[in-house]
There are 2 protein chains.
Amino acid sequence: MRIIFLGTSGAVPTKDRNHISIALIYEGEIILLDCGEGTQRQMVRAKISPMKVSKIFITHLHGDHFLGLFGLIQSMSFFGRESPLYIYGPKGIIRIVEIAKELSVYDIDFDLIPVEISDGFTVEEKNYKIITRLVDHSIETYSIIFEEKKGKKFDIEKAAALGLKPGPWFKALKEGKCIVYNGKLITPEMVLGEEKKGIRIVYTSDTRPTDRIANYIRDSILIHDATFDDNLRNEAYVKYHSTAKQAANVAKKYGAKYLFLIHVSSRYKDVTVLENEARNVFKNTYAAKDLMCIDIKKDNIIINYI
Amino acid sequence: MRIIFLGTSGAVPTKDRNHISIALIYEGEIILLDCGEGTQRQMVRAKISPMKVSKIFITHLHGDHFLGLFGLIQSMSFFGRESPLYIYGPKGIIRIVEIAKELSVYDIDFDLIPVEISDGFTVEEKNYKIITRLVDHSIETYSIIFEEKKGKKFDIEKAAALGLKPGPWFKALKEGKCIVYNGKLITPEMVLGEEKKGIRIVYTSDTRPTDRIANYIRDSILIHDATFDDNLRNEAYVKYHSTAKQAANVAKKYGAKYLFLIHVSSRYKDVTVLENEARNVFKNTYAAKDLMCIDIKKDNIIINYI
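Residues numbered from 1 in each chain as written. Chains lettered and ligands numbered in written order. Predicted model: local features only at pLDDT ≥ 70, side-chain atom pairs only at ≥ 80, totals over all residues. Heavy atoms only, no water.

Further remarks concern the relation of the copies chain B and chain A. By a simple turn and slide, chain B fits onto chain A: the slide is 0.0 Å along the axis, the RMSD is 0.1 Å, and the turn is 180°. Taken together, the rotation and translation relating the two chain copies correspond to the operation of a two-fold axis. Taking C-alpha positions as the reference, the residue of chain B nearest the rotation axis is G38 of chain B, at 2.5 Å. Here 100% of the contact residues of chain B are again contact residues in chain A; the copies associate through an equivalent surface. (Least-squares fit on C-alpha atoms with pLDDT ≥ 70 in both. Contact = heavy atoms within 4.5 Å.)

This is the structure:
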């Protein structure tokens, strides 16, 4: 699995930071988390195709998080896209999709499907699920949680106790099917153990530090709002954002595996100050940068730049 | 006077080319010609302030020419803009400005004034005028002509014949005022000659080669659609665009001073092929590039990059 930071800026873009968007690439599918202005150009730079985007999650309706939708949709249409595109977002997303259609002088020849999200809303796919949880920002805003499904562990000892020998029936049981073995019904529950740990990615979106997403953070890759440094924590509070230190406190308290700081204010030309204050609290911290790419291999990550 | 190419791409942006926008900077005022997605970030790169933009001309309502408006307007509002912003465009521009307001969750605290343009529409300012002329594209599209007003030449010989000696009355007459000199009424017409030549910039926008703007091209800086090379002239015709060679033919036929090629298709990684085919016809040709900056000093231009 790969994460590409397409844009990492706060409200105002900079020379080095585009408006926010994060691409999750999982088994050939691309899922976008937010789609700030200029996302389609960042995708060109990242060498990923808009045609492979299946789902876009808009965390909230501040312009810096969704104004790239219109151009991206028009380009998909220009390239002849036929497969449907799901656009998830808070109340108002249906209207945004109507506007996207109105802004295009050409008919959009693929299905554009807006879906209103709510606290606890879940998209279930075969190998992953995505959950949206309300956070603490100035307008209705959701964090996005990606969870890989790895299935349950196969308990060899339980299988042996039932007299089961290795064979194709193991695969069937792992897939949740019942089998009859030597005339005896064996159900998956009889041989499967606890859930295997998959990849978990938590993107907070814009928020004050919040415990509303606490349950999802353990062992996760946490991508947290870090608009300000901790000297500006009052400003962060008033504007419903977090400081780098606050992000690190959340990562530490709830046991994240890695922390990436995002939505950095344009005042920080050099983000070392943010990285340092966070690392004093939580060592595995990195400031996200545009076109930074994280490959996730079991428990390890490899950070590269495109 | 300075021209900055903020974006020079065709319908699809590339690593090196943003969606189209051209900034004209004249006596501290910034006028934008088109405003493709990502224009606000290009302005950050070009180190020019959105607050100094007084007028935006949208040549037509294809997304690659106007989708940067929404983010730019929101950023102006975020920065506390108070001065009005005029947005000129074809039929439909009023609706676009309504949508811009709807897309902002915050009130926009400055006047956003949409103005519908038509063939021959003119904005008259003290020192320049801007004219919009219909061209030949797939939808209603206007070229934008910027003309500096330098006033009429002062005819020293005519003044002498009237017995006028140099003095502050010269300035008054140059400014178009009547004077009484030694008891005799002297009107500006009696001492002024032909119009002095000012700077003229013609931006064709997206178009097939057309003679509708022929009258404006002499001695101008012509910024012409050059989406394709001449091997693709059939495709250019079908898509209502021009080839580099066709742009050069227009520049030569109507006596432009300089030609800049713009709206280059993303297929050209290296635009030398376009520049060469145009230069074979019209020597003073340059392919416009993002953040290319043209300073105009009398009859000369200086090309730099920001």
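Here we take up the packing of helix α3 (residues 93-103) of chain A against helix α3 (residues 93-103) of chain B. Packing of α3 of chain A against α3 of chain B leaves a shortest axis separation of 12 Å and a crossing angle of 160°. Classified by the angle between their axes, α3 of chain A and α3 of chain B sit roughly antiparallel to one another. Crossing of α3 of chain A against α3 of chain B: the hand is left-handed. Contacts between α3 of chain A and α3 of chain B involve R95, I96, I99, E102 and L103 of chain A on the former and, on the latter, R95, I96, I99, E102 and L103 of chain B. (Axes fitted to C-alpha atoms, helices over the stretch in contact; angles between N-to-C directions. Helix = DSSP H or I, 4+ residues; strand = E, 2+ residues; numbered from the N terminus. Parallel < 35°, antiparallel > 145°, perpendicular 65-115°, else oblique. Left-handed = near helix turned anticlockwise from the far one by under 90°.)

Bringing the packing of aromatic side chains into the picture now. Residues and elements named next belong to chain B. Summed over all chains, the structure comprises 25 aromatic pairs over all chains. Ring plane angle 25° and centroid distance 5.4 Å describe the contact between F260 and Y286, whose orientation is recorded as stacked. Residue F260 is found in strand β16 (residues 258-262), and its partner Y286 is found in strand β17 (residues 285-287); the two are separated by 26 residues along the sequence. Classification of Y286 by relative accessible area gives partly exposed; the value is 26%. (Phe/Tyr/Trp six-rings, centres within 6.5 Å; stacked < 30°, edge-to-face > 60°. Buried < 20%, exposed > 50% of the residue type's maximum accessible area, 1.4 Å probe, protein only.)

Looking now at the pattern of salt bridges. Applying the stated criterion across every chain, the model contains 36 salt bridges over all chains. The residue K171 of chain A makes a salt bridge to E175 of chain A at a minimum N-O spacing of 3.2 Å. Looking at K171 of chain A, the relative accessible area reads 55%, which means it is exposed. Looking at E175 of chain A, the relative accessible area reads 46%, which means it is partly exposed. Of the charged contacts in the structure, one is a salt bridge between K197 of chain B and D219 of chain B, with a shortest N-O distance of 3.0 Å. Separated by 22 residues along the polypeptide, K197 of chain B in the loop between β13 (192-195) and β14 (200-203) and D219 of chain B in the loop between α6 (214-217) and β15 (221-225) bring together distant segments of the chain. The partly exposed category is assigned to D219 of chain B, whose relative accessible area is 31%. (Salt bridge = Lys/Arg side-chain N within 4 Å of Asp/Glu carboxyl O.)

Moving on: the interface of chain B and chain A. Counting from both sides, the interface comprises 37 residues of chain B and, opposite them, 37 residues of chain A. Taken together, both faces of the contact between chain B and chain A bury some 2,800 Å²; the carbon and sulfur share is 58%. The largest share of the area that chain B buries against chain A comes from E37, R41 and L103 of chain B, three residues that together contribute 22% of it. Linking chain B with chain A are 16 residue pairs in polar contact (both at pLDDT 80 or more), by the criterion used here. Counting residues per element, the ones that place at least two in the side of chain B that touches chain A are α1 (39-45), α2 (69-78) and α3 of chain B. With six residues, the single largest contributor to the side of chain B that touches chain A is α1 of chain B. A class-by-class count of the residues in the side of chain B that touches chain A yields 15 nonpolar, 13 polar and nine charged. (Buried area = accessible area lost by both parts, 1.4 Å probe. Polar contact = N/O pair within 3.5 Å; in protein donor to acceptor, adjacent residues only side chain to side chain. Nonpolar A, V, L, I, M, F, W, Y, C, P; charged D, E, K, R; others polar.)

Right, let's get into a positive patch on the surface. Where like charges cluster on the molecular surface, the positive patch consists of K150, K174, K196 and K298 of chain A. With respect to the helices and strands, the residue K298 of chain A is situated in the loop between β18 (292-297) and β19 (300-305). (Patch = residues over 30% accessible without salt bridge, like charges linked within 9 Å, V, L, I, M, F, W, Y side chains within 5 Å. Areas by Shrake-Rupley, 256 points an atom, 1.4 Å probe, with all protein chains shown as cover. Lys, Arg positive; Asp, Glu negative; His and termini not counted. Charge placed at Lys NZ, Arg CZ, Asp CG, Glu CD.)

Before going further, it helps to spend a moment on the confidence of the model for chain A. Confidence along chain A averages 95 in pLDDT terms, with 100% of residues attaining 70 or more. Here the predicted complex scores 0.92 on pTM and 0.91 on ipTM. (pLDDT = per-residue confidence, 0-100.)

This part covers the environment of P13 of chain B. Along the chain, P13 of chain B turns up in the loop between β1 (2-7) and β2 (21-26). Its relative accessible area of 3% is what places P13 of chain B among the buried residues.

Before going further, it helps to examine the pairing of strand β5 (residues 85-89) of chain B. Residues and elements named next belong to chain B. With four of five residues buried, β5 is to be regarded as a mostly interior element. Summarising the sheet, strand β4 (residues 53-57) and β5 pair through three bridges and their orientation is parallel. By the bridge assignment for β5, F57 is matched with Y88. In this view, the connection linking β4 to its parallel neighbour β5 by way of α2 has right-handed handedness. (Pairing = 2+ DSSP bridges. Right-handed = clockwise from strand over helix to strand, strands pointing away.)

Domain annotation of chain A identifies domain 1 (2-150 + 197-305) and domain 2 (152-193). Placing the centre of domain 1 of chain A and that of domain 2 of chain A at their C-alpha centroids yields a distance of 40 Å. (Domains from an automatic or database assignment.)

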